[in-house]
Number of protein chains: 2
Amino acid sequence: MTVNIGALKDVANRLRIASIEMTSVAKSGHPTSSTSAAEIVATLFFNEMKYEVASPKAPYSDRFVLSKGHACPILYAAWEEAGLLSHEQILSLRKIDSDIEGHPTPRLNFIDVATGSLGQGLSIACGMAWVGKYKDKASYRVYALLGDGETAEGSVWEAAAFASTYKLDNLVTIVDVNRLGQSQETQLGHDVETYAARFKAFGHNAIVVNGSNVEELLHAYATARNTKNKPTAIIAKTFKGAGIEGVENLDNWHGKPVPMEKIEAIKAKLTSTQKGTVPICPPIKDTPEFDLNLGNIKIATPAYKLGDKVATRAAYGTALAKLGDVSPHIVGLDGDTKNSTFSDKLLAKYPERFIECFIAEQNLVGVGIGVGCRGRAIPFCSTFAAFFTRAADQLRMGAISSANLKCAGSHAGISIGEDGPSQMALEDLALFRSVANSVVLYPTDAVSTERAAELAANIHGIVFIRTGRPALPVIYNNDEPFAIGKAKVFRKSDKDSVVLIGAGVTLYECIKAADELASSGIHACIIDIFSVKPIDQQTLITEAKRCGGKVITVEDHYQSGGLGEAVSSALADTENVRVRSIFVKDIPRSGSPDGLLELFGISASHIVKAVKNFN
Amino acid sequence: MTVNIGALKDVANRLRIASIEMTSVAKSGHPTSSTSAAEIVATLFFNEMKYEVASPKAPYSDRFVLSKGHACPILYAAWEEAGLLSHEQILSLRKIDSDIEGHPTPRLNFIDVATGSLGQGLSIACGMAWVGKYKDKASYRVYALLGDGETAEGSVWEAAAFASTYKLDNLVTIVDVNRLGQSQETQLGHDVETYAARFKAFGHNAIVVNGSNVEELLHAYATARNTKNKPTAIIAKTFKGAGIEGVENLDNWHGKPVPMEKIEAIKAKLTSTQKGTVPICPPIKDTPEFDLNLGNIKIATPAYKLGDKVATRAAYGTALAKLGDVSPHIVGLDGDTKNSTFSDKLLAKYPERFIECFIAEQNLVGVGIGVGCRGRAIPFCSTFAAFFTRAADQLRMGAISSANLKCAGSHAGISIGEDGPSQMALEDLALFRSVANSVVLYPTDAVSTERAAELAANIHGIVFIRTGRPALPVIYNNDEPFAIGKAKVFRKSDKDSVVLIGAGVTLYECIKAADELASSGIHACIIDIFSVKPIDQQTLITEAKRCGGKVITVEDHYQSGGLGEAVSSALADTENVRVRSIFVKDIPRSGSPDGLLELFGISASHIVKAVKNFN
């Protein structure tokens, strides 16, 4: 196919015009960050990429991630040029009743993931490319367009290292080096050689081009396609506001509409080609088709004896491997902690479905989100729960992306003991509860942990499973059913005068406390919360009322955002119920697990005291 | 001074022996990650670094950050060799009553910051080095020891870029390339040339050495000292478990004690030098002495008129500049959002006390923590509140470090409007509340915002200030006093039958709702929470009881960990009080601020409805 260079230049200029129009009508947005990428997007969408306009998220289509999400006007313009969006639609930019949002979200059928928090797109693209190369083994390619400013984000370099480690030759990163950030010049300005040196040092085939030159861009894409076992990074030197007279390459035009009359000069450059006439390359349909079978993935029944001492992290590893047995779409991701989280049990059986992300949790979660895109796999990311805080922003954005992602965090709380506070997750419930539409499961024993993993696999969405380090007794029969949103009333009697609520290590402390209290004639109902979010409000209300309105929560977590607040919030509107919460009150330290439970106030003795003082 | 190479080799071997002893007695810990760095630490502490053993945190002493915190046995051993710790003390490693913890914490007087979550030390070292070079203008130097595995963390590259941008020639990074991670070989193994290429591309003078060779290390430090306007990175090729027979360079020895008998072979290598006999270089005492004057920093009285429309983010910028006027120790840090957070008002007046960290929030917070170390400055980091989530792990570790850090997050909530959900902070209260010992302030108007900034400057600790985008009326007189832990009862009457609690944009919605309700004879007490943490429990209880036990919270934030949960938790144990919470119920979208408040359920009309339905 002969390439019509003039037609592609026209496309780029039409995208410029549309970007200016959209943001002018919206009275806000980013025309200058859009127009710097006009030739990049025009050449990608109308020569390089293979896709079907009618089904932009088809499994076999090339993927495009606009990591510099604020430049979305150029993306919307491209899909107008391609015929998917009408001009009227793109002019609804940023209106409350329009899905043409200020930053991309998957409300639109051509967007896989939300972007707008910078530096996250490349990790996601890596996840897609890993699936393409190693799981789907298909021809589709993945393109990520980054801004230059966002390469200051370390997550970009986590992803760059990942891409080279996994030899992702189906991945092309394009950096739009338009020199100007939001508030001043970027760290490297137009020093494209340093960008290239960085990507080269991170294992990429780095190509510097004039990003306004259609021929150079096409040549670079071709080089990328012909480069084997290495990802390619195209460093495109551009100008912010490129093509807009009196705006191009000037400061103080970030995130501001430009005057509508600026489009006249651009229109004057157009030749006689017409919108929508440049052919789009059809995809190669060699991607396997399947359904993830969500809702029907059943693991083999757990095989424990009551009283067996099993750490929930170990049970998680067992469950992950069993999920691997029954679904070919389970993919495990690790941050060099697999021998602690026990996700290495999946690796041992299914090495081809295990991704080592090394010590880079932002990328771990980002790759996981990418792996989960378009229903190609069910990603389970595992690391210490404390270290998921490193990826809090990726999780926040993952929620906006409606990502399908499972996160299993081990080493919860002070009960890990000697390693000390840096390794203790005491904010993880707060973090994962605050992720929009998330599910947070906190299984206590091995049986419930296996069920938690199974439940997580079967729903679409972000699910967190909190596991612990110490080996503690199995308390449920192997056939005990568990459900999202359902607590277990672990012990109850007609004489109960207080409700004790715990999970994990604190449930065992509740049991010890209740046993001791029973000997002095005080009877406690014990609830194993299991599902911290959604929380089983109905059971909480029922049991609280039944037991005289006295509720005590106990958690191996700080107060803020934890179990106590979740319960207090769920019971806040119920009359004649009071909640007292026991939690880790201060920054902990190294020590034995039991010693720490005692010292930081969450052991059975503190529960007994709290019950006796609860008048 | 002639260097006694043999003596330094002996020191390294004594550190090895001590590391093995400590972890054997503790029955856990990281001897192998310690011994790989034995020569690095021996040469640093007993030849290169200038400090006083008697006052390890003196302002004029060189700084050392053990970013690979799990290798702390080698650090404790060094301080024993230096004479600060006794052998008995170091053998108390990981015991509950010992400050010789499993990972370093500033409970020990020679540790500036807690480490153990990997990849964070270099940012902190950058902050210290920035202060040394640009604020203190002193001779002290900063050394950061990193593991190879942790260079997978993007935060390392954020810091590396920062160090070169600011020409931190007083900063030396040493990477202990011992090849083995926790669960397998690292991404780069012993490919020291690639490490060097990466640091070189990030603007460093990169030197590859045999990290077990004392002479090579000393030479590299000297080269670093003689390198101007560039940071140095020493890539030290080592072996995990170096010097331990049958352990060195083998897998599966991460985080495990080694048999005590292994020390015999090391002892056999010692010459006749004695512990504690190698001289330590005295510091150059050219660092200015001062007191931060916490508690006595008073800004000029705010100068607004009631009803003036001022965005709280703008008032924050004004306050920051005013703080700069009255304290020479205020330092502003930005993540390329300074024209949105208005921290550029400080830059305009005091450019020498402003640090542009570009789009790299982990490093922004890490540098801030470093800037605040040893009482050399009061760092104010500003960016969009949503983007502080990127630094959640740095904040978590900052709490363990007892960091003095102020974070001002703008663009809170859906009231930012058209930019859409990626830019809206809806989890920031949850995040900052979960930071141990933090203070969370949420001022509503310009007057209270200025006071929030002043309060933040005056206490040691992590303080978050949440600011908003829209310009809203000033509601307090300029002389209105504000305090941490104190709410404002903004409106009350004898007829109040409900308490409305808000902050920021929702307080204005509460006022509108109360005005409307008053016209139908329902009177509401309005509380401006101001201090979300610590929360003013006493005022909440008093007003809740006074108003018939009906409380409604309204927040521009998700439910989890937010204002409603904070209030519910504070009132959970109070009889006959019920709390209903209004919050952003779903993932928002682009739109006008007012339209979004209405659509996502936090506008006055929803408050009115909630009050009328509250029976």
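Conventions and cut-offs
Residues numbered from 1 in each chain as written. Chains lettered and ligands numbered in written order. Predicted model: local features only at pLDDT ≥ 70, side-chain atom pairs only at ≥ 80, totals over all residues. Heavy atoms only, no water. UniProt positions renumbered as here; feature names shortened; annotations may be inferred. Helix = DSSP H or I, 4+ residues; strand = E, 2+ residues; numbered from the N terminus. Least-squares fit on C-alpha atoms with pLDDT ≥ 70 in both. Contact = heavy atoms within 4.5 Å. Buried area = accessible area lost by both parts, 1.4 Å probe. Salt bridge = Lys/Arg side-chain N within 4 Å of Asp/Glu carboxyl O. Nonpolar A, V, L, I, M, F, W, Y, C, P; charged D, E, K, R; others polar. Buried < 20%, exposed > 50% of the residue type's maximum accessible area, 1.4 Å probe, protein only. Domains from an automatic or database assignment. Polar contact = N/O pair within 3.5 Å; in protein donor to acceptor, adjacent residues only side chain to side chain. Pairing = 2+ DSSP bridges. Axes fitted to C-alpha atoms, helices over the stretch in contact; angles between N-to-C directions. Disulfide = S-S within 2.5 Å. pLDDT = per-residue confidence, 0-100. Phe/Tyr/Trp six-rings, centres within 6.5 Å; stacked < 30°, edge-to-face > 60°. Lys NZ or Arg CZ within 6 Å of the ring centre and 35° of its normal. Expected span 1.5 Å × (residues − 1).

Right, let's talk about the UniProt feature "domain: Transketolase-like pyrimidine-binding" (unreviewed entry) in chain A for a bit. Feature annotation in UniProt assigns "domain: Transketolase-like pyrimidine-binding" (unreviewed entry) to the following positions: residues 310-474 of chain A. Span residues 310-474 of chain A is 39% helix and 21% strand, its end C-alpha atoms 7 Å apart.

A word on the relation of the copies chain A and chain B. Note on the copies: chain A fits chain B at an RMSD of 0.0 Å, the axial shift is 0.0 Å, and the rotation between them is 180°. The relationship between the two copies is best expressed as a two-fold rotation axis. Taking C-alpha positions as reference, the residue of chain A nearest the rotation axis is glycine 154 of chain A, located at 1.7 Å. Both copies share a contact surface, since 99% of the interface residues of chain A are interface residues in chain B too.

In this section: the interface of chain A and chain B. In this complex, chain A contributes 103 residues to the contact, which on the side of chain B involves 102 residues. Where chain A abuts chain B, roughly 8,200 Å² becomes buried across the two surfaces, and 47% of that area is made up of carbon and sulfur atoms. For the pair chain A and chain B, the number of links is 14 salt bridges. Between aspartate 419 of chain B and arginine 94 of chain A there is a salt bridge whose closest N-O contact spans 2.8 Å. Looking at the side of chain A that touches chain B residue by residue, the class counts come to 31 nonpolar, 41 polar and 31 charged.

Further remarks concern the pattern of salt bridges. Opposite charge on two side chains allows them to pair when their charged atoms are near. All names here are of chain B. For the structure shown, the criterion picks out 62 salt bridges over all chains. As a salt-bridge pair, aspartate 169 and lysine 133 come within 3.2 Å of each other at their nearest N and O atoms. Here the residue aspartate 169 occupies a position in the loop between helix 7 (154-165) and strand 3 (171-177), and lysine 133 occupies one in helix 6 (residues 121-135), the gap between them amounting to 36 residues. Of the residues examined, aspartate 169 reaches a relative accessible area of 13% and is grouped as buried.

The next point concerns the domain arrangement of chain A. Along its sequence, chain A is organised into domain 1 (7-268), domain 2 (308-474) and domain 3 (489-613). Between the C-alpha centres of domain 1 of chain A and domain 3 of chain A there is a distance of 51 Å.

So, on to the environment of aspartate 336 of chain A. Summarising the element assignment, aspartate 336 of chain A is placed in the loop between strand 7 (330-334) and helix 12 (338-341). Taking relative accessible area as the criterion, aspartate 336 of chain A reaches 5% and is therefore assigned buried. The sequence separation of aspartate 336 of chain A and glutamate 361 of chain A amounts to 25 residues, and the corresponding C-alpha distance is 9.7 Å. With residues near it in sequence (within four places) discarded, aspartate 336 of chain A still touches Glu356, Phe358 and Ile359 of chain A together with Gly181, Gln182, Ser183 and Gln184 of chain B. Looking at aspartate 336 of chain A, its side chain comes within polar contact range of the side chain of serine 183 of chain B, at 2.5 Å.

Below, the discussion takes up the sheet that holds strand 10 (residues 405-410) of chain B. All names here are of chain B. Strand order across the open sheet formed by 7 strands is 8-7-9-10-12-11-17, with mixed pairing between neighbours. The outermost strands of the open sheet, each flanked by one partner alone, are strand 8 (354-356) and strand 17 (530-533). Between one strand axis and the next, the sheet turns through 20° on average, direction left out of account. The strands touched by helix 14 (residues 361-372) are strand 7 (330-334), strand 8, strand 9 (378-384) and strand 10; relative to strand 9, the strand with the most contacts, the crossing angle is about 165°.

What follows deals with the environment of threonine 506 of chain B. All names here are of chain B. With respect to the element layout, threonine 506 can be found in helix 18 (residues 505-519). Once you skip the residues sitting within four places of it in the chain, threonine 506 turns out to touch Val554, Glu555, Asp556 and Ile602. In terms of polar contacts, threonine 506 uses its side chain to reach the backbone carbonyl oxygen of valine 554, at 2.8 Å.

The subject of this paragraph is the state of the cysteines. What we call a disulfide is simply a covalent bond connecting the sulfur atoms of a pair of cysteines. All names here are of chain A. On inspection of all chains with the given rule, the structure shows 0 disulfides over all chains. Here cysteine 357 stays unpaired: no disulfide links it, and the sulfur of cysteine 381, its closest cysteine neighbor, is 6.8 Å away. Its relative accessible area of 3% is what places cysteine 357 among the buried residues. Left without a disulfide partner, cysteine 525 is nearest to the cysteine sulfur of cysteine 547, which lies 4.6 Å away.

Below, the discussion takes up the confidence of the model for chain A. Looking at chain A, pLDDT values average 97 and 100% of them are 70 or higher. Reported confidences for the modelled complex are a pTM of 0.98 and an ipTM of 0.98.

This brings us to the packing of aromatic side chains. Describing an aromatic ring pair means giving the distance of the ring centres and the angle of the ring planes. For the structure shown, the criterion picks out 41 aromatic pairs over all chains. The interplanar angle of 85° and the centroid separation of 5.0 Å between the aromatic rings of tyrosine 476 of chain A and phenylalanine 482 of chain A together place this pair among those described as edge-to-face. For the residue pair tyrosine 476 of chain A and phenylalanine 482 of chain A, the accessibility class agrees, reading buried in each case. Between phenylalanine 482 of chain B and phenylalanine 530 of chain B the ring centres are 4.8 Å apart and the planes differ by 50°, which places this aromatic pair in the tilted class. In this pair, phenylalanine 482 of chain B sits in the loop between strand 13 (471-473) and strand 14 (488-491) while phenylalanine 530 of chain B sits in strand 17, placing the two residues 48 residues apart along the sequence. As far as the burial class goes, phenylalanine 482 of chain B and phenylalanine 530 of chain B line up, both buried. Connected via pairs of aromatic rings, a cluster forms that spans Phe45, Phe46, Tyr51, Phe64, Tyr76, Trp79 and Phe110 of chain A. The ring centre of phenylalanine 482 of chain B lies 4.9 Å from the NZ or CZ of lysine 488 of chain B, which sits over that ring. The ring of phenylalanine 583 of chain B has lysine 585 of chain B sitting right over it, with the charged end atom 4.9 Å from the ring centre.

Attention now moves to helix 1 (residues 5-26) of chain B. Residue and element names in this part refer to chain B. Across its 22 residues, helix 1 extends 32 Å between first and last C-alpha, which sits within 8% of the 32 Å expected from 1.5 Å per residue. Within helix 1, 18 of the 22 residues are buried, leaving the element largely enclosed by the surrounding structure. Structurally, the start of helix 1 carries an N-cap: the backbone nitrogen of glycine 6 is 3.2 Å from a side-chain oxygen of asparagine 4. Following helix 1 by one or two positions, lysine 27 has its phi on the positive side, about 65°.

This part covers the side chain of glutamine 394 of chain A. For glutamine 394 of chain A, the position within the fold is in helix 15 (residues 392-400). According to the relative accessible area criterion, glutamine 394 of chain A is buried, its value standing at 3%. Look past the residues within four positions of glutamine 394 of chain A in its chain and what remains in contact with it is Gln120, Ser155, Gln362, Val365 and Ile369 of chain A together with Arg390 of chain B.

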